[in-house]
Amino acid sequence: MPPASAATGRPTKTTTRPRRGEGQWALGYREPLNKNEENKKNDDGLNVRRRIIDVYSKGGFDSIDPADLRGRFRWYGLYTQRAPGIDGGKTAVLEPEELDDRYFMMRIRTDGGQLSVAQLRAIAEVSTAYGRDTADITDRQNVQLHWLRIEDVPALWERIEGVGLSTTEACGDTPRGMLGCPLAGIAEDEVIDSTDDLRRIVEDHIGSPLFSNLPRKFKTAVDGCSVHCTNHEINDLAFVGVVGPDGTPGYDLFVGGGLSTNPMFAQRLGAFVRPDQVSEVWAGVCSIFRDYGYRRLRHRARIKFLVKDWGAAKFREVLEKEYLGYALPDGPEPVLDPGTRRDHVGVHRQKDGRFYVGFTPRVGRVSGTKLGRVADIAEAHGSDRVRTTADQKLVILDITEDRVESVVAALEAEDLLVRPSTFRRQTMACTGIEFCKLAIVETKDRASALIDELERRLPEFTDPLTININGCPNACARTQTADIGFKGQLVTDADGNQVEGFQVHLGGGLGLQAGFGRKVRGLKTTADELPDYVERVLRRFLDQKEDGEVFAA
Ligand code: SF4
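What counts, and where the lines are drawn
Residues numbered from 1 in each chain as written. Predicted model: local features only at pLDDT ≥ 70, side-chain atom pairs only at ≥ 80, totals over all residues. Heavy atoms only, no water. Near = heavy atom within 4 Å. Nonpolar A, V, L, I, M, F, W, Y, C, P; charged D, E, K, R; others polar. Buried < 20%, exposed > 50% of the residue type's maximum accessible area, 1.4 Å probe, protein only. Helix = DSSP H or I, 4+ residues; strand = E, 2+ residues; numbered from the N terminus. Pairing = 2+ DSSP bridges. Core = buried A, V, L, I, M, F, W, Y, C linked by side-chain atoms within 4.5 Å. Contact = heavy atoms within 4.5 Å. Salt bridge = Lys/Arg side-chain N within 4 Å of Asp/Glu carboxyl O. Phe/Tyr/Trp six-rings, centres within 6.5 Å; stacked < 30°, edge-to-face > 60°. Lys NZ or Arg CZ within 6 Å of the ring centre and 35° of its normal. Arc of directions from axis to C-beta. Axes fitted to C-alpha atoms, helices over the stretch in contact; angles between N-to-C directions.

J.: Got a sec to walk through the site of the ligand? Specific residues and values, please.
T.: In the neighbourhood of the ligand, the contacting residues comprise Cys-430, Thr-431, Gly-432, Cys-436, Leu-438, Ala-439, Gly-471, Cys-472, Asn-474, Ala-475 and Cys-476. Residue composition of the shell around the ligand, by class: seven nonpolar, four polar and no charged.

Put into structure tokens, the structure is as follows:
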């Protein structure tokens, strides 16, 4: 019996079953072809919540079933963090359990980066109460906590769920936290206010068993922003604001983007989606991934491989015929921004005459205490709305003109800069070896030190420039789309020792300059030489640059 379409309820069509399958359900491969698929078949990841509350939080770490610990916990945003003191050389050679700490990192869903002051306070409180005051803003607009004990998870959930937050499907083979423009509904120049369309997808589908067993993670962006700040080019599915054929705003569809070790840009389907169709079209695309996505090999289990093999035309045809049951009209392409800054940093006017203030923590690292201060500052200046961005930044909305400078001063006193240097503004770093079990090198502290060094050495450099530092090839902080991307690996230093270092990717970008950075053979730097390397590259650029030229290595 073929699987039923979640979008329409009708059975989906199957085509001839190839001899060697990729584990595609729609072609009849329902038997698990690897351990991950077996675990998901044995028990839905969503069911682990009950066990965390009733069993594991009472029995402690040692009571946790390994299949839950290393699998289903992710369905609620929980990973074991890396045990301290294990160097990057052991990442690939140790068994997973040897890398496990007894503490957890947790992602809290903040779809569209939307937080009220009460929600921010709740996150601040659980961070200080249970997470040793840790908090990182991720480039998926989530907040990530560390050092959590399983015993404290139910109380943590109670606190954040009391203010409407959740960790459901924040990780795992699920529709993870969805990106949205932090200025949706307030930006003067937005194409469409995507707030309700994004909210409807979350309300309709998150936590549904229809989408809790996908081949792998599924990243969504819904974006009506004029600068395309959610980076639709590298999401699994993106709705991008356009003005439709009849003059009313809606969305253009992009499918199959993603970075990691096989980077691909999303393909444009050329179909126009009305706002009232967004949730249904989202379900259709996600159902195609569930039913036709490759499940045999984990590294091919992202939708981008299916989109690459099918092409945009076939993907659209299957979406319309097998899942939606109607054709979508052709639509226009979005107008791409020529700039490279999509981060909404600085002070800008809203469409209602008030102002938003975007500011920069260091490479996304804050703390519970600092988030509490942000909540205080927002509230003291009459705002109840704070946003996270896809560039590890934060924004306070709804400030009246006469209070803007007071907000700026209060934030800058917390080292949350509203008018930062290029280096502070556009350097990102992933979690790295401090907490991540896949990491080979340390990232956050190194990136922070790099910012300080570059500000000291090159105060004259003010051009847009993205520097993205990643602890391994997985590219969580977007190695390949930075002007200068660093991929963590072990390298050989001048004395012949294996030390932490980076492969360099040069000249990546999104928007009109979209392209993956060139991985120049042999172009590597040790971590200690990182500031010298970047300084050399930028000085060469400054020496040779022509009028109006921006950095493109
Ligand atoms: Fe971990 Fe690698 Fe992702 Fe960094 S890029 S967070 S080291 S998996």
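J.: Describe the pairing of strand S15 (residues 394-399), listing the residues and the values that go with them.
T.: S15 sits mainly inside the fold: six of its six residues count as buried. In this sheet, S15 lies alongside strand S12 (residues 355-359) in antiparallel orientation, the contact comprising four bridges. Within S15, the position partnered with Phe-359 by the bridge is Leu-394. Here three bridges tie strand S14 (residues 385-388) to S15, and the two strands are oriented antiparallel to one another. Paired with Arg-387 across the two strands is Val-395, which belongs to S15. Where S14 hands over to S15, the hairpin turn is made up of five residues, of which Gln-392 adopts a positive phi near 65°.

J.: I'd like a rundown of the nonpolar core, residues and numbers included.
T.: Ranked by size, the top nonpolar core spans 51 residues in total, and within it Phe-73 and Ile-396 carry the most contacts. Look past the residues within four positions of Phe-73 in its chain and what remains in contact with it is Val-48, Ile-52, Tyr-56, Ile-64, Asp-68, Leu-78, Phe-104 and Ile-150. Counting residues in each nonpolar core, the second largest holds 44 residues, with Phe-239, Leu-253, Tyr-294 and Trp-310 among its members.

J.: Lay out the pattern of salt bridges in plain terms, naming residues and giving numbers.
T.: Inspection of the entire model under this criterion finds 54 salt bridges. In this structure, Arg-342 engages Glu-233 in a salt bridge whose closest nitrogen and oxygen atoms are separated by 2.9 Å. In this pair, Arg-342 is assigned in the loop between helix H10 (312-324) and strand S11 (346-349) and Glu-233 in the loop between strand S7 (220-223) and strand S8 (237-243), connecting sequence segments 109 residues apart. Of the two residues examined, Arg-342 and Glu-233, each falls in the buried class.

J.: Outline the packing of aromatic side chains, listing residues and values.
T.: The final tally for this structure, using the stated rule, is 17 aromatic pairs. Put simply, the rings of Tyr-56, Phe-61, Phe-73 and Phe-104 touch in pairs and so form one group of aromatic residues. Of note, Arg-132 hangs over the ring of Trp-147, and the distance from its end group to the ring centre comes to 3.8 Å. Lying over the aromatic face of Trp-25, Arg-295 brings its terminal NZ or CZ to 3.7 Å of the ring centre.

J.: Describe in detail helix H2 (residues 48-59), supporting the description with residues and values.
T.: One turn of the α-helix equals 3.6 residues, which is why residues spaced by three or four share an orientation. Along H2, the positions that sit buried rather than exposed are Val-48, Ile-52, Tyr-56 and Ser-57. Buried residues along H2 cover an arc of 95° about the axis, so they all sit on one side. Taken together, the buried residues of H2 touch helix H3 (66-69), strand S1 (78-82) and helix H6 (153-161). Phi turns positive one or two residues past the end of H2, at Gly-60, with a value near 85°.

J.: Please give an account of the sheet that holds strand S16 (residues 427-429) that cites residues and values.
T.: Ordered by their spatial adjacency, five strands build an open sheet running S16-S17-S18-S19-S20, and the pairing between neighbours is mixed. Looking at the sheet topology across the chains shown, the edges are occupied by S16 and strand S20 (518-526). Between one strand axis and the next, the sheet turns by 30° as a mean value, whatever way the strands run. Both strand S18 (residues 484-492) and strand S19 (residues 498-506) contribute to a ladder of nine bridges, which runs antiparallel. Bridging from a neighbouring strand, Lys-487 pairs with Gln-503 of S19. The sheet strands contacting helix H15 (residues 530-544) are strand S17 (467-470), S18, S19 and S20, and the helix crosses S18 at an angle near 135°.

J.: Mind laying out the sheet that holds strand S2 (residues 100-108), listing which residues take part and the relevant values?
T.: Spatially, the five strands line up as an open sheet ordered S1-S2-S5-S4-S13, and their pairing is antiparallel. Looking at strand neighbours, the two that pair on one side only are S1 and strand S13 (365-367), the edges of this open sheet. This sheet shows a mean twist of 35° between the axes of neighbouring strands, independent of strand direction. The sheet contact formed by S2 and strand S5 (residues 143-148) spans four bridges and is antiparallel. Considered in S5, the bridge of Arg-107 is made with Gln-144. Lying over the sheet, H6 contacts S1, S2 and S5, oriented at roughly 10° with respect to S2.

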